[in-house]
Amino acid sequence: MTTKSTAAEPTRAAAEPGTLVLLCLVAWLVPGVGHMWMGRRQKGIVFLLAVPAMFVIGLLLHGRVFPFEFSEPLVGLAAVANLLAGAPWVLARLLDGGSGMVTAVTYEYGNCFLIVSGLLNFLVILDAYDVALGRK
Amino acid sequence: MSSHFLLLVVFSFFVSLVFGVLLRDEPRQQLRTGALMFGGFIATAIVLGWLIYPFPL
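Since this is a predicted model, take the numbers as computed values, not measurements. All residue numbers here refer to positions counted from 1 along the written sequence of the relevant chain. To label them, take the chains in the order written and letter them from A, then take the ligands in the order written and number them from 1. Only residues with pLDDT of at least 70 are given local features in this predicted model, and only at 80 or more are side-chain atom pairs given and counted; all residues enter the totals for whole chains, interfaces and linings.

**Side note on the overall build of chain A**
Then comes step 1: Only DSSP runs of H or I covering at least 4 residues are called helices, and only runs of E covering at least 2 are called strands; the numbering of each starts at the N terminus. Regarding its fold elements, chain A presents seven helices and zero strands.
Then comes step 2: To assign burial, the other C-beta atoms lying within 10 Å of each residue's own C-beta are counted, with C-beta atoms placed from the backbone; 20 or more indicates buried, 12 or fewer indicates exposed, and intermediate counts indicate partly exposed. Burial analysis of chain A (136 residues in total) assigns 43% to the buried set.
Then comes step 3: Note that contacts rest on C-beta atoms placed from the backbone: two residues are in contact if these are within 7 Å. Considering only residue pairs separated by 6 or more positions, chain A has 70% of its internal contacts joining residues 24 or more positions apart.

Following this line, the structure appears as structure tokens:
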């Protein structure tokens, strides 16, 4: 008896708790890779290009990668949103990028790009998680 | 790159692209959803811009 490969098989394999955590971590670190892992390569490539591109544009617009200062709630929340962008955020922190230039006319636009790229990546991670659970 | 409108277009493009791909599975539907969202962003920004135009800063 031969077994037929179906689309549900990788989903079942990914539904193990450890694999799900790893999937979410990988999907966070490199936007779109979670979808590629789940066999949705076209979606993954789009996310891989779009999310980091938004982050880089935010940096080019002199946006700020916010520090984790929860004494100022909006700064803390913006920092969490930045963090969600994954590898671009890690690189920006390591390379001292994203110090922000408040006097730049594009400062707020830059912040907007940086924050939204992180939030979009969060949605992408949740979508990859849903795919792994077989909900989509 | 400090044109407000250009930045609006670039931002709308990326957000529409991600949402279009995220929400739909078929390429044609992704394109349609993304285009609708992109148009919605631009149209809403222009309408809101004109609505708040009379208000002083």
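Back to the write-up after that little detour.
**What about helix H2 (residues 27-51) of chain B?**
Then comes step 1: Any helix carries an expected span of 1.5 Å times its number of residues minus one. Taking 1.5 Å as the rise per residue, H2 of chain B with 25 residues should run 36 Å; its terminal C-alpha atoms sit 36 Å apart, in good agreement.
Then comes step 2: For H2 of chain B, the tally of buried residues reaches only two of 25 residues, placing the bulk of the element at the surface.

**Some points on the confidence of the model for chain A**
Then comes step 1: With 90% of its residues at a pLDDT of at least 70, chain A reaches an overall mean of 90.
Then comes step 2: Note that pLDDT drops below 50 for residues 1-8 of chain A; the model gives that stretch one contact with residues more than four away or on any other chain. Each residue carries a pLDDT score, the predictor's own confidence in it, on a scale running from 0 to 100.

**Observations regarding the packing of helix H2 (residues 17-29) of chain A against helix H7 (residues 107-133) of chain A**
Residue and element names in this part refer to chain A.
Then comes step 1: Every angle, taken between N-to-C directions, lies between 0 and 180 degrees, and every axis is a line fitted to C-alpha atoms, over only the stretch in contact when it is a helix. Between H2 and H7, whose axes approach to 9 Å, the crossing angle comes to 150°. Considering their axes alone, H2 and H7 lie roughly antiparallel with respect to each other. Regarding H2 and H7, the two cross each other, and that crossing is right-handed. Where H2 abuts H7, its residues Leu20, Leu23, Cys24, Ala27 and Trp28 lie against Asn121, Val124, Ile125, Ala128, Tyr129 and Ala132.
Then comes step 2: Grouping the constituent residues of the contact of H2 with H7 by class yields ten nonpolar, one polar and no charged. In what follows, roughly perpendicular refers to angles from 65 to 115 degrees, roughly parallel to angles under 35, roughly antiparallel to angles over 145, and oblique to any angle outside these ranges. Here a crossing is taken to be left-handed if its near helix is turned anticlockwise relative to the far helix by less than a right angle, and right-handed if that turn runs clockwise. Gly is put with the polar residues, along with every residue not named as nonpolar or charged; the nonpolar set is Ala, Val, Leu, Ile, Met, Phe, Trp, Tyr, Cys and Pro, and the charged set is Asp, Glu, Lys and Arg.

**Some words on the interface of chain A and chain B**
Then comes step 1: Between chain A and chain B, the contact holds 17 residues from the first and ten residues from the second.
Then comes step 2: Of all the elements in the fold, those that place two or more residues in the side of chain A that touches chain B are helix H4 (41-60) and H7 of chain A.
Then comes step 3: Of the residues forming the side of chain A that touches chain B, the biggest block, eight residues, is contributed by H7 of chain A.
Then comes step 4: A per-class count over the side of chain A that touches chain B returns 14 nonpolar, one polar and two charged.

**Considering the confidence of the model for chain B**
Then comes step 1: The predicted model of chain B averages 93 in pLDDT, with 98% of residues at 70 or higher.
Then comes step 2: Our summary of model confidence lists the complex with pTM equal to 0.88 and ipTM equal to 0.88.

**Some details on the environment of leucine 23 of chain B**
Then comes step 1: On the secondary structure map, leucine 23 of chain B appears in helix H1 (residues 4-23).
Then comes step 2: Taking the C-alpha atoms as reference points, leucine 23 of chain B and glycine 34 of chain B, eleven residues apart in sequence, are found 9.4 Å from one another.

**Quick notes on the nonpolar core**
Then comes step 1: Nonpolar cores are built from buried Ala, Val, Leu, Ile, Met, Phe, Trp, Tyr and Cys residues. These are joined into a set through C-beta atoms within 7 Å. By size, the foremost hydrophobic cluster in this structure holds 40 residues, and its most contacted members are Ala50, Val51, Met54 and Ala128 of chain A together with Val18 of chain B.
Then comes step 2: When contributions to this core are tallied by element, the ones reaching two or more residues are H2, helix H3 (33-37), H4, helix H5 (73-83), helix H6 (87-94) and H7 of chain A together with H1 of chain B.
Then comes step 3: Examining the composition of this core, we find that eleven residues originate from one element, H7 of chain A, more than from any other.
Then comes step 4: Among residues more than four places away in sequence, those in contact with valine 18 of chain B are Phe47, Ala50 and Leu120 of chain A.

**Thoughts on the packing of H5 of chain A against H7 of chain A**
Geometry of a packed helix pair, given as the angle between the helix axes and the separation of the axes.
All names here are of chain A.
Then comes step 1: The interhelical angle for the contact between H5 and H7, taken along N-to-C directions, is 60°, at an axis separation of 6 Å. Taken together, the axes of H5 and H7 lie oblique to each other. As H5 packs across H7, the resulting crossing turns out to be left-handed. Here Ala78, Ala81, Asn82 and Leu83 of H5 lie close against H7, whose contacting residues are Leu114, Ile115, Gly118 and Leu119.
Then comes step 2: Residue classes in the contact of H5 with H7 are distributed as six nonpolar, two polar and no charged.

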